[in-house]
Amino acid sequence: MSNHAATANEPQWLEFARRAEQDQALAQRVAAALRAGLDARGEAALAVSGGRTPAGFFRHLSLQQLNWSRVAITLVDERWLPPDHPDSNERMLRTQLLRRTAAAAHFTGLKTAHDNARSAENSCEQALAKLPWPLDAVHLGVGGDGHTASWFADAPEYARALDTNAPARVLACHPQSAPYARMSLSLRAVLDSRLILLQLTGSDKRAVLEAALAGDRSLPVTAVLQQRRVPVAIYWAP
(Lines give C-alpha, C1' and ligand atoms only; values in the text may rest on other atoms or scores of the structure.)
Protein backbone atom coordinates (compact mmCIF):
# COMPACT_ATOMS: atom_id res chain seq x y z
CA MET A 1 0.00 0.00 0.00
CA SER A 2 1.14 3.54 -0.68
CA ASN A 3 -0.32 6.58 1.00
CA HIS A 4 -0.44 10.06 -0.49
CA ALA A 5 -0.87 12.10 2.68
CA ALA A 6 -3.51 14.77 2.64
CA THR A 7 -2.70 18.38 3.45
CA ALA A 8 -5.00 21.20 4.57
CA ASN A 9 -7.95 18.81 4.77
CA GLU A 10 -7.49 17.68 1.17
CA PRO A 11 -8.52 14.10 0.40
CA GLN A 12 -6.17 11.33 1.42
CA TRP A 13 -5.26 8.90 -1.38
CA LEU A 14 -4.39 5.31 -0.47
CA GLU A 15 -3.21 2.88 -3.16
CA PHE A 16 -3.24 -0.91 -2.90
CA ALA A 17 -1.53 -3.47 -5.11
CA ARG A 18 -4.48 -5.86 -4.92
CA ARG A 19 -8.20 -5.44 -4.47
CA ALA A 20 -8.28 -7.90 -1.58
CA GLU A 21 -5.92 -5.61 0.32
CA GLN A 22 -8.11 -2.63 -0.48
CA ASP A 23 -11.21 -4.45 0.75
CA GLN A 24 -9.59 -5.45 4.02
CA ALA A 25 -8.11 -2.01 4.74
CA LEU A 26 -11.41 -0.29 3.96
CA ALA A 27 -13.32 -2.67 6.22
CA GLN A 28 -10.90 -1.99 9.06
CA ARG A 29 -11.22 1.79 8.55
CA VAL A 30 -15.01 1.66 8.58
CA ALA A 31 -15.04 -0.64 11.61
CA ALA A 32 -12.78 1.81 13.45
CA ALA A 33 -15.15 4.69 12.65
CA LEU A 34 -18.15 2.68 13.85
CA ARG A 35 -16.30 1.57 16.98
CA ALA A 36 -15.46 5.19 17.79
CA GLY A 37 -19.12 6.12 17.46
CA LEU A 38 -20.18 3.25 19.69
CA ASP A 39 -17.62 4.19 22.32
CA ALA A 40 -18.52 7.89 22.27
CA ARG A 41 -22.29 7.78 21.85
CA GLY A 42 -23.44 4.18 22.28
CA GLU A 43 -24.61 4.00 18.67
CA ALA A 44 -23.20 4.38 15.18
CA ALA A 45 -24.45 4.79 11.63
CA LEU A 46 -23.09 3.93 8.19
CA ALA A 47 -24.26 4.56 4.63
CA VAL A 48 -22.85 2.32 1.89
CA SER A 49 -22.97 2.21 -1.88
CA GLY A 50 -23.91 -0.73 -4.06
CA GLY A 51 -22.68 -2.03 -7.38
CA ARG A 52 -20.12 -4.78 -7.93
CA THR A 53 -17.01 -3.11 -6.50
CA PRO A 54 -17.81 -3.26 -2.76
CA ALA A 55 -18.74 -6.94 -2.47
CA GLY A 56 -15.36 -7.95 -1.06
CA PHE A 57 -15.30 -4.96 1.27
CA PHE A 58 -18.74 -5.94 2.58
CA ARG A 59 -17.60 -9.49 3.27
CA HIS A 60 -14.60 -8.27 5.24
CA LEU A 61 -16.72 -5.75 7.13
CA SER A 62 -19.18 -8.48 8.13
CA LEU A 63 -16.30 -10.21 9.96
CA GLN A 64 -15.42 -7.20 12.11
CA GLN A 65 -16.13 -7.59 15.81
CA LEU A 66 -18.55 -4.82 16.72
CA ASN A 67 -21.71 -4.40 18.74
CA TRP A 68 -23.68 -4.58 15.51
CA SER A 69 -27.00 -4.38 17.34
CA ARG A 70 -26.19 -0.71 18.01
CA VAL A 71 -25.21 0.03 14.39
CA ALA A 72 -27.62 1.53 11.83
CA ILE A 73 -26.91 0.91 8.14
CA THR A 74 -28.53 2.49 5.12
CA LEU A 75 -27.76 2.77 1.42
CA VAL A 76 -26.35 5.81 -0.33
CA ASP A 77 -28.67 5.08 -3.23
CA GLU A 78 -30.97 2.41 -4.58
CA ARG A 79 -32.43 1.47 -7.92
CA TRP A 80 -36.24 1.42 -7.94
CA LEU A 81 -36.44 -2.35 -8.16
CA PRO A 82 -37.80 -5.14 -5.96
CA PRO A 83 -35.29 -5.94 -3.20
CA ASP A 84 -34.80 -9.45 -4.62
CA HIS A 85 -33.91 -8.18 -8.11
CA PRO A 86 -30.35 -9.02 -9.22
CA ASP A 87 -29.61 -5.29 -9.72
CA SER A 88 -30.92 -4.28 -6.30
CA ASN A 89 -28.32 -2.75 -3.97
CA GLU A 90 -30.32 -4.00 -0.99
CA ARG A 91 -30.08 -7.56 -2.28
CA MET A 92 -26.30 -7.34 -2.54
CA LEU A 93 -26.06 -5.75 0.89
CA ARG A 94 -28.13 -8.50 2.49
CA THR A 95 -26.14 -11.29 0.88
CA GLN A 96 -22.65 -9.83 1.41
CA LEU A 97 -22.76 -7.61 4.53
CA LEU A 98 -25.82 -8.29 6.68
CA ARG A 99 -24.70 -11.76 7.68
CA ARG A 100 -22.70 -13.39 10.49
CA THR A 101 -22.62 -11.01 13.49
CA ALA A 102 -23.37 -8.05 11.18
CA ALA A 103 -26.85 -9.49 10.67
CA ALA A 104 -27.75 -7.81 13.98
CA ALA A 105 -27.33 -4.32 12.46
CA HIS A 106 -30.45 -2.23 11.89
CA PHE A 107 -30.95 -1.74 8.17
CA THR A 108 -33.00 1.08 6.62
CA GLY A 109 -33.61 0.50 2.93
CA LEU A 110 -34.47 3.10 0.30
CA LYS A 111 -36.92 0.97 -1.69
CA THR A 112 -40.53 1.10 -0.51
CA ALA A 113 -43.83 -0.31 -1.71
CA HIS A 114 -44.69 2.96 -3.50
CA ASP A 115 -45.34 2.70 -7.22
CA ASN A 116 -42.54 5.10 -8.08
CA ALA A 117 -39.55 6.74 -6.47
CA ARG A 118 -40.96 10.26 -6.50
CA SER A 119 -43.97 9.30 -4.41
CA ALA A 120 -41.70 7.59 -1.87
CA GLU A 121 -39.53 10.59 -1.06
CA ASN A 122 -41.43 11.63 2.08
CA SER A 123 -41.55 8.07 3.39
CA CYS A 124 -37.80 7.62 2.90
CA GLU A 125 -37.12 11.02 4.46
CA GLN A 126 -39.04 10.05 7.58
CA ALA A 127 -37.25 6.69 7.83
CA LEU A 128 -33.82 8.28 7.48
CA ALA A 129 -34.63 10.90 10.11
CA LYS A 130 -34.60 8.10 12.69
CA LEU A 131 -30.91 7.37 12.09
CA PRO A 132 -28.34 8.88 14.45
CA TRP A 133 -26.95 11.83 12.49
CA PRO A 134 -24.25 12.76 11.65
CA LEU A 135 -23.35 9.42 10.10
CA ASP A 136 -20.09 7.96 11.33
CA ALA A 137 -19.01 7.02 7.82
CA VAL A 138 -20.28 7.21 4.24
CA HIS A 139 -18.94 4.79 1.63
CA LEU A 140 -19.07 6.03 -1.97
CA GLY A 141 -18.19 4.63 -5.37
CA VAL A 142 -17.65 6.45 -8.63
CA GLY A 143 -18.83 5.73 -12.15
CA GLY A 144 -16.88 6.14 -15.36
CA ASP A 145 -18.90 9.30 -16.01
CA GLY A 146 -17.94 10.74 -12.64
CA HIS A 147 -21.26 10.14 -10.91
CA THR A 148 -21.37 9.13 -7.28
CA ALA A 149 -24.46 8.16 -5.30
CA SER A 150 -27.13 8.59 -7.99
CA TRP A 151 -26.03 12.09 -8.90
CA PHE A 152 -26.03 11.88 -12.68
CA ALA A 153 -25.36 15.14 -14.50
CA ASP A 154 -28.13 14.40 -17.03
CA ALA A 155 -30.81 13.76 -14.39
CA PRO A 156 -33.49 16.45 -14.04
CA GLU A 157 -32.90 16.37 -10.28
CA TYR A 158 -29.14 16.92 -10.49
CA ALA A 159 -29.07 20.51 -9.24
CA ARG A 160 -31.41 19.64 -6.40
CA ALA A 161 -29.24 16.70 -5.38
CA LEU A 162 -26.20 18.97 -4.99
CA ASP A 163 -28.01 21.88 -3.32
CA THR A 164 -26.71 21.85 0.25
CA ASN A 165 -29.23 24.54 1.21
CA ALA A 166 -32.17 22.25 0.38
CA PRO A 167 -33.49 20.46 3.48
CA ALA A 168 -34.02 17.02 1.92
CA ARG A 169 -31.71 14.17 2.83
CA VAL A 170 -33.07 11.96 0.06
CA LEU A 171 -34.58 12.43 -3.39
CA ALA A 172 -35.73 10.49 -6.43
CA CYS A 173 -33.42 10.63 -9.45
CA HIS A 174 -34.18 9.78 -13.07
CA PRO A 175 -30.91 9.66 -15.05
CA GLN A 176 -31.15 9.52 -18.81
CA SER A 177 -27.82 7.72 -19.17
CA ALA A 178 -28.52 4.86 -16.75
CA PRO A 179 -31.32 2.33 -16.33
CA TYR A 180 -33.94 2.56 -13.60
CA ALA A 181 -35.22 5.39 -11.49
CA ARG A 182 -33.33 5.71 -8.22
CA MET A 183 -33.59 6.98 -4.69
CA SER A 184 -30.45 8.73 -3.51
CA LEU A 185 -29.03 10.56 -0.55
CA SER A 186 -28.44 14.22 -1.32
CA LEU A 187 -25.08 15.95 -1.04
CA ARG A 188 -26.41 17.54 2.13
CA ALA A 189 -26.93 14.11 3.67
CA VAL A 190 -23.54 12.77 2.54
CA LEU A 191 -21.84 15.78 4.12
CA ASP A 192 -23.77 15.26 7.34
CA SER A 193 -21.13 12.72 8.31
CA ARG A 194 -17.83 12.37 10.12
CA LEU A 195 -15.91 10.56 7.37
CA ILE A 196 -16.32 9.89 3.64
CA LEU A 197 -14.58 6.91 2.08
CA LEU A 198 -14.39 6.59 -1.70
CA GLN A 199 -13.68 3.14 -3.17
CA LEU A 200 -12.62 2.72 -6.78
CA THR A 201 -10.68 0.34 -9.00
CA GLY A 202 -9.01 0.52 -12.39
CA SER A 203 -7.09 3.10 -14.40
CA ASP A 204 -10.19 4.59 -16.03
CA LYS A 205 -11.79 5.57 -12.74
CA ARG A 206 -8.46 6.77 -11.41
CA ALA A 207 -8.32 9.22 -14.32
CA VAL A 208 -11.84 10.40 -13.47
CA LEU A 209 -10.85 10.97 -9.84
CA GLU A 210 -7.72 12.85 -10.80
CA ALA A 211 -9.79 15.16 -13.02
CA ALA A 212 -12.26 15.73 -10.18
CA LEU A 213 -9.44 16.45 -7.73
CA ALA A 214 -8.14 18.99 -10.23
CA GLY A 215 -11.51 20.73 -10.06
CA ASP A 216 -13.48 19.49 -13.08
CA ARG A 217 -16.97 20.52 -11.98
CA SER A 218 -18.64 18.66 -14.85
CA LEU A 219 -18.02 15.52 -12.77
CA PRO A 220 -20.57 15.02 -9.97
CA VAL A 221 -18.00 13.47 -7.61
CA THR A 222 -16.12 16.79 -7.61
CA ALA A 223 -18.73 18.12 -5.17
CA VAL A 224 -17.43 15.65 -2.57
CA LEU A 225 -13.74 15.96 -3.36
CA GLN A 226 -13.60 19.75 -3.41
CA GLN A 227 -15.44 20.32 -0.12
CA ARG A 228 -13.48 20.68 3.12
CA ARG A 229 -16.22 20.13 5.73
CA VAL A 230 -15.80 16.35 6.00
CA PRO A 231 -12.54 14.39 5.72
CA VAL A 232 -12.31 12.22 2.59
CA ALA A 233 -10.14 9.16 2.03
CA ILE A 234 -9.79 7.57 -1.41
CA TYR A 235 -9.10 3.82 -1.58
CA TRP A 236 -7.81 2.79 -5.02
CA ALA A 237 -6.64 -0.55 -6.41
CA PRO A 238 -5.87 -1.62 -10.00
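The structure presented is a predicted model; accordingly, all values stated were derived computationally and were not measured.

What to know about the state of the cysteines
Summed over the entire model, instances satisfying the criterion amount to zero disulfides. Cys173 supplies the cysteine sulfur nearest to Cys124, a cysteine that is in no disulfide, at a spacing of 12 Å.

Things to note about the sheet that holds strand β9 (residues 182-185)
Strands sit in the order β5-β9-β8 across an open sheet of three strands; the sheet is antiparallel. Looking at the sheet topology across the chains shown, the edges are occupied by β5 (77-79) and β8 (170-173). Between one strand and the next, the sheet's axes are offset by a mean angle of 20 degrees, whatever the strand orientation. In the sheet, β5 pairs with β9 via three bridges, with the strands oriented antiparallel. Among the inter-strand pairings, Glu78 is bridged to a residue of β9, identified as Met183. Its contacts with the sheet place helix α4 (residues 121-128) against β8 and β9, and it is angled at close to 145 degrees to β8.

Details of the packing of aromatic side chains
Applying the stated criterion across every chain yields a total of two aromatic pairs. Relative to Tyr235, the ring of Phe16 lies with its centre 5.6 Å away and its plane at 15 degrees, an arrangement referred to as stacked. Highlighted residues: Phe16 in the loop between β2 (12-15) and α1 (19-41) and Tyr235 in strand β11 (residues 232-237), separated in sequence by 219 residues. Overall, the relative accessible area of 3% leaves Tyr235 in the buried class. Seen in terms of ring centroids, Phe57 and Phe58 are 5.4 Å apart; in terms of plane orientation they differ by 40 degrees. Their pairing is tilted. Stacked on the ring of Trp80, the Lys or Arg Lys111 has its end atom at 4.6 Å from the ring centre. Directly above the aromatic system of Trp133 lies the positively charged group of Arg169, at a separation of 4.2 Å from the ring centroid.

Some details on the side chain of Asn89
Relative to the elements of secondary structure, Asn89 occurs in helix α3 (residues 89-96). At a separation of 3.3 Å, a polar atom in the side chain of Asn89 contacts the main-chain amide nitrogen of Gly51.

Re the environment of Ala181
Positionally, Ala181 belongs in the loop between β8 and β9. Residue classification places Ala181 among the partly exposed positions, given a relative accessible area of 23%. Residues Ala181 and Ala159, 22 residues apart in the sequence, show an inter-C-alpha distance of 16 Å. Sequence-distant contacts of Ala181, defined by excluding residues within four places in its chain, comprise Glu78, Arg79, Trp80, Cys173 and His174.

Quick word on the environment of Ala211
Inspection of the secondary structure puts Ala211 in helix α7 (residues 203-213). The exposure class assigned to Ala211 is partly exposed, which follows from its relative accessible area of 27%. Expressed as a C-alpha distance, the spacing of Ala211 and Leu46, which sit 165 residues apart in the sequence, is 27 Å. Those residues within four positions of Ala211 in sequence are excluded, and the remaining contacts are Asp216 and Leu219.

Some remarks on the pairing of strand β10 (residues 196-201)
Across the six residues that make up β10, a large majority, six, are buried. Summarising the sheet, strand β7 (residues 137-140) and β10 pair through three bridges and their orientation is parallel. Its bridge partner being in β10, Leu140 is matched across the sheet by Leu198. As defined by bridge partners, β10 adjoins β11 across six bridges and the pair is classed as parallel. Opposite Gln199, over in β11, you have Tyr235 as the bridge partner.

The rules behind each value
- Residues numbered from 1 in each chain as written.
- Predicted model: local features only at pLDDT ≥ 70, side-chain atom pairs only at ≥ 80, totals over all residues.
- Heavy atoms only, no water.
- Disulfide = S-S within 2.5 Å.
- Pairing = 2+ DSSP bridges.
- Helix = DSSP H or I, 4+ residues; strand = E, 2+ residues; numbered from the N terminus.
- Axes fitted to C-alpha atoms, helices over the stretch in contact; angles between N-to-C directions.
- Contact = heavy atoms within 4.5 Å.
- Phe/Tyr/Trp six-rings, centres within 6.5 Å; stacked < 30°, edge-to-face > 60°.
- Buried < 20%, exposed > 50% of the residue type's maximum accessible area, 1.4 Å probe, protein only.
- Lys NZ or Arg CZ within 6 Å of the ring centre and 35° of its normal.
- Polar contact = N/O pair within 3.5 Å; in protein donor to acceptor, adjacent residues only side chain to side chain.

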